[in-house]
Amino acid sequence: SPDGELLAALGRRGQPGDAPDQFDRPTDVAFEPSGDFFVSDGYGNACVHKYSPDGKLLKTWGEPGTDPGQFSTPHDVCCDTDGWVYVADRENHRVQVFDGNGRFETQWHDLHRPRGMYMPPGKCPICYVGEIGPYYEFNRGAPNLGPRVSILSNDGKLLARITSTPAHGTGPGQFISPHGMAVDSRGDLYVAE
């Protein structure tokens, strides 16, 4: 509640698994306009769960793999007002787009380990995607691998990138691992690392 009272909990504490009522280190939650919500169950499981506003499981989709509808660490999920569901498929270096029932629609490539996403409300929103860049030290100096924030149209067209040279760092305007993002009423972007 707004006062911090726990209203409901999904899953069973301390019991990770792959059953529909269990999570294995879930990574994000997003609401669609109807009030239904989605949970990316990304580390131990490779799926997305859809729930009704009262917490009833409606659908689960995904499995480990690289084909459309399969995931390798689905790390973030967001929805737009048209009911599309966007999933940051981190280790497959893509964002997959589904309808509200989990039917694969398309995928966006040319992203490097997308981890966090934000879509402002409204019709045809843009999507901010945090890319964490190379995991291994020897790749960190490689050009065009991030870490960075990419700004895409809701059909996956790259509009801009926020990055620096060198890209990886703790200085002003540099990133290590952009996770969470939000945009205020003035259009300023906030990035949590």
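All of these numbers come straight from a predicted model, not from anything done at the bench.

1. Some points on the sheet that holds strand β1 (residues 28–31)
- Reading across from one edge, β1-β2-β3-β4 is the order of the 4 strands in this open sheet, with antiparallel pairing throughout. Looking at the sheet topology across the chains shown, the edges are occupied by β1 and β4 (57–61). Averaged over all pairs of adjacent strands, the angle between their axes in this sheet comes to 20°, without regard to strand direction.
- Looking at chain direction, β1 and strand β2 (residues 37–41) are connected through 4 bridges and run antiparallel. Within β2, the residue paired with A30 across the bridge is F38.

2. Thoughts on the environment of H49
- When you line up the elements, H49 lands in strand β3 (residues 47–51).
- Note on H49: relative accessible area 2%, which makes it buried.
- For H49, the contacting residues outside a window of four places in its chain are F23, F37, F38, V39, D41, L57, K59 and T60.
- At 2.9 Å, the side chain of H49 and the side chain of T60 are in polar contact.

3. Considering the nonpolar core
- Membership of the largest hydrophobic core is limited to 12 residues, which are C78, Y86, A88, V95, V97, W108, L111, M117, M119, C127, V129 and L152.
- For this core, the secondary-structure elements that each account for two or more residues are β6 (85–89), β7 (94–98) and β10 (127–131).
- Dropping the residues within four chain positions of it, M119 is found in contact with C78, C79, D80, Y86, P125, I126, C127 and N154.
- By size, the runner-up hydrophobic cluster in this structure holds 11 residues, among which are V48, F71, V85 and V87.

4. Observations regarding the side chain of S52
- By secondary structure assignment, the location of S52 is in the loop between β3 and β4.
- The residues touching S52, leaving out its near neighbours within four places in the chain, are D36, F37 and L58.

5. Details of the sheet that holds strand β5 (residues 74–79)
- Sheet architecture is open: 4 strands sit in the order β5-β6-β7-β8, paired in antiparallel fashion. What marks the edges here is a single partner per strand, and that holds for β5 and β8 (104–108). Neighbouring strand axes in the sheet, compared pairwise and without regard to direction, differ in orientation by 20° on average.
- The pairing of β6 with β7 spans 5 bridges and is classified as antiparallel. Each bridged residue has a counterpart across the sheet, and for D89 the counterpart in β7 is R94.

6. Here we look at the side chain of D80
- Position of D80 among the secondary structure elements: in the loop between β5 and β6.
- A distance of 3.0 Å separates a polar atom in the side chain of D80 from the backbone nitrogen of W84.
- Setting aside chain neighbours within four positions, we find D80 in contact with P33, Y86, M119, P125 and N154.

Parameters and conventions
- Residues numbered from 1 in each chain as written.
- Predicted model: local features only at pLDDT ≥ 70, side-chain atom pairs only at ≥ 80, totals over all residues.
- Heavy atoms only, no water.
- Pairing = 2+ DSSP bridges.
- Helix = DSSP H or I, 4+ residues; strand = E, 2+ residues; numbered from the N terminus.
- Axes fitted to C-alpha atoms, helices over the stretch in contact; angles between N-to-C directions.
- Buried < 20%, exposed > 50% of the residue type's maximum accessible area, 1.4 Å probe, protein only.
- Contact = heavy atoms within 4.5 Å.
- Polar contact = N/O pair within 3.5 Å; in protein donor to acceptor, adjacent residues only side chain to side chain.
- Core = buried A, V, L, I, M, F, W, Y, C linked by side-chain atoms within 4.5 Å.

All we've got here are geometric facts, nothing functional implied.
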